[in-house]
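Survey of secondary and tertiary structure
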Amino acid sequence: MIAEPVLRLGAFAGVFALMVLWELLAPRRAPALGRQVRWPGNLGVVVIDTLALRLLFPTAAVGMALLGEAHGWGLLNDLGLPAVLKVGIAVVVLDLVIYFQHVLFHAVPALWRLHRMHHADLEFDVTTGVRFHPVEIVLSMVIKIGTVAALGAPVAGVLLFEVLLNASSTFSHGNVRLPAWLDGVLRRAIVTPEMHRVHHSTVPRETNSNFGFNLSCWDRLFGTYRSQPAAGHEAMTIGIEQFRDPGELRLDRMLLQPLRGTDGRYPLGKRKA
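The structure presented is a predicted model; accordingly, all values stated were derived computationally and were not measured. Think of each chain on its own: its residues are numbered from 1, step by step along the sequence as written. Whole-chain, interface and lining totals are the exception, using all residues; otherwise, since this is a predicted model, local features are given only for residues with pLDDT of at least 70 and side-chain atom pairs are given and counted only at 80 or more. Neither water nor hydrogens contribute to the side-chain values; these are computed over all heavy atoms in the structure.

In an α-helix, one full turn covers 3.6 residues, which means residues spaced three or four apart are oriented alike. Here a strand is any run of E in DSSP of at least two residues, a helix any run of H or I of at least four, and the numbering for each starts at the N terminus. One less than the number of residues in a helix, times 1.5 Å, gives the span that helix is expected to have. For helix H3 (residues 60-71), which comprises twelve residues, the first-to-last C-alpha distance of 17 Å matches the rise-based estimate of 16 Å (1.5 Å per residue) to within 8%. What H3 keeps buried is the set Ala60, Ala61, Val62, Gly63, Met64, Ala65 and Gly68. Taken from the residues just after H3, Gly72 is the one with a positive phi, measuring 70°. Whether a residue is buried, partly exposed or exposed follows from its accessible area with a 1.4 Å probe, protein chains only, as a fraction of its type maximum: under 20%, in between, or over 50%, in that order.

Given below as structure tokens:
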């Protein structure tokens, strides 16, 4: 259990550092706002999210997996499948649940108010991938723990998924340039920055597409895949129609965004434009 947060933190820090270096060497878009304006708020919310999870869920989803294995809870603990297969099933099912959770946070107006803090970033880079409201992070953990319990996911599967989720969220939000041929190959299996950047467009029909975090197959399977933004990656506007003032990038303003303004045009039931 002690190794779990260390492993996750180490994997996250390693991928984060590589993505920052990649962004410096080969950026996809020229940022209009400096890192000194955006990064304090984006990284500050990571600290709050981490403290909230450790306070409320000290053992997190891995702890539930250990408990489930000890008591034989969940579907996979009742099936005599090879351990490797159980790990693979757990990773795929958890990734599917995260996809549907993401869609849910775009569909329900109250949940969108929480999630839109992630979308209200005015640029798209590696720190956008960790910019989530603490209440959303807590709700996400509740969903994840419930899934682990019902599925009977093995500890190794949950730990592997957590590491992959952190790494894929960091990678898919990178402001990095990929050769078109490589992006085309990679996005057949995983979500690439070119694919996920579409999701951060101010255009509602583009915001409500490309919901996947890790595996790209879910968007294709459920009809939410969009290959490119209509305006192109260089000309598209990142963010949402609300909270366009750079002052909204302050941590205190970010945390209060769910309580301010209207739902806007973004909840799925309103997607017309």
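Don't stop here, the text continues.
With that out of the way, let us pick up the pattern of salt bridges. Whenever Lys or Arg places a side-chain nitrogen within 4 Å of a carboxyl oxygen from Asp or Glu, that contact is recorded as a salt bridge. Summed over all chains, the structure comprises 13 salt bridges. Where Asp263 meets Arg113, a salt bridge forms, and the shortest distance between an N and an O atom there is 2.7 Å. A residue pair is termed long-range when its members are at least 10 positions apart, and Asp263 in the segment after helix H12 (251-256) and Arg113 in helix H5 (residues 109-119) qualify at 150 residues. When sorted by exposure, Asp263 lands in the same class as Arg113, which is buried. When the shortest N-O distance is used, the salt bridge between Arg197 and Glu194 registers 2.5 Å. Here the residue Arg197 and the residue Glu194 both occupy positions in helix H9 (residues 193-197), the gap between them amounting to three residues, near one helical turn. Glu194 carries the same exposure label as Arg197, and that label is buried. Each of Arg28, Arg177, Glu194, Arg197 and Glu234 takes part in salt bridges that share partners, so that together they form one network.

Further remarks concern the layout of surface pockets. Cavity means a closed set of points on a 1 Å grid over the protein atoms alone, one where a 1.4 Å probe fits but cannot get out, pocket means an open set with protein on both sides within 12 Å along at least 5 of 7 lines, and lining means a residue has an atom within 4 Å of a point. Grid points are joined across faces, edges and corners, and a volume is the space filled by probe spheres set on the points. Of the pockets and cavities examined, the largest pocket occupies roughly 840 Å³. For the lining of the largest pocket, the secondary-structure elements that each account for two or more residues are helix H1 (3-25), helix H2 (35-56), helix H4 (83-107), helix H6 (134-151) and helix H7 (155-172). Considering only residue class, the lining of the largest pocket consists of 14 nonpolar, nine polar and five charged. In this model, the second largest pocket occupies a volume close to 160 Å³. In this structure, the second largest pocket is lined by Glu23, Pro27, Arg29, Pro31, Leu33, Gly34, Arg35, Arg38, Glu123, Phe124, Asp125 and Asn175. Taken together, the residues that form the lining of the second largest pocket break down as four nonpolar, two polar and six charged. Gly falls in the polar group here, along with every residue not listed as nonpolar (Ala, Val, Leu, Ile, Met, Phe, Trp, Tyr, Cys, Pro) or charged (Asp, Glu, Lys, Arg).

Working definition: a ring pair exists when centres of Phe, Tyr or Trp rings (six-membered ring for Trp) sit within 6.5 Å. Plane angles under 30 degrees give stacked, over 60 give edge-to-face, the rest tilted. Taken as a whole and judged by the stated rule, the model has nine aromatic pairs. Relative to Phe100, the ring of Tyr99 has its centre 5.3 Å away and its plane inclined at 70°; by these criteria the two rings are edge-to-face. Since its relative accessible area comes to 2%, Tyr99 is described here as buried. Phe100 sits in the partly exposed class, given a relative accessible area of 41%. Grouping aromatic residues by their ring pairs yields a cluster made of Tyr99, Phe100, Phe211 and Phe222. Sitting above the plane of the Tyr225 ring, Arg220 keeps its charged end 4.2 Å from the centroid. A positively charged side chain is recorded as over a ring if its NZ (Lys) or CZ (Arg) lies within 6 Å of the ring centre. The angle to the ring normal must also be within 35 degrees.

None of this, on its own, says anything about what the molecule does.
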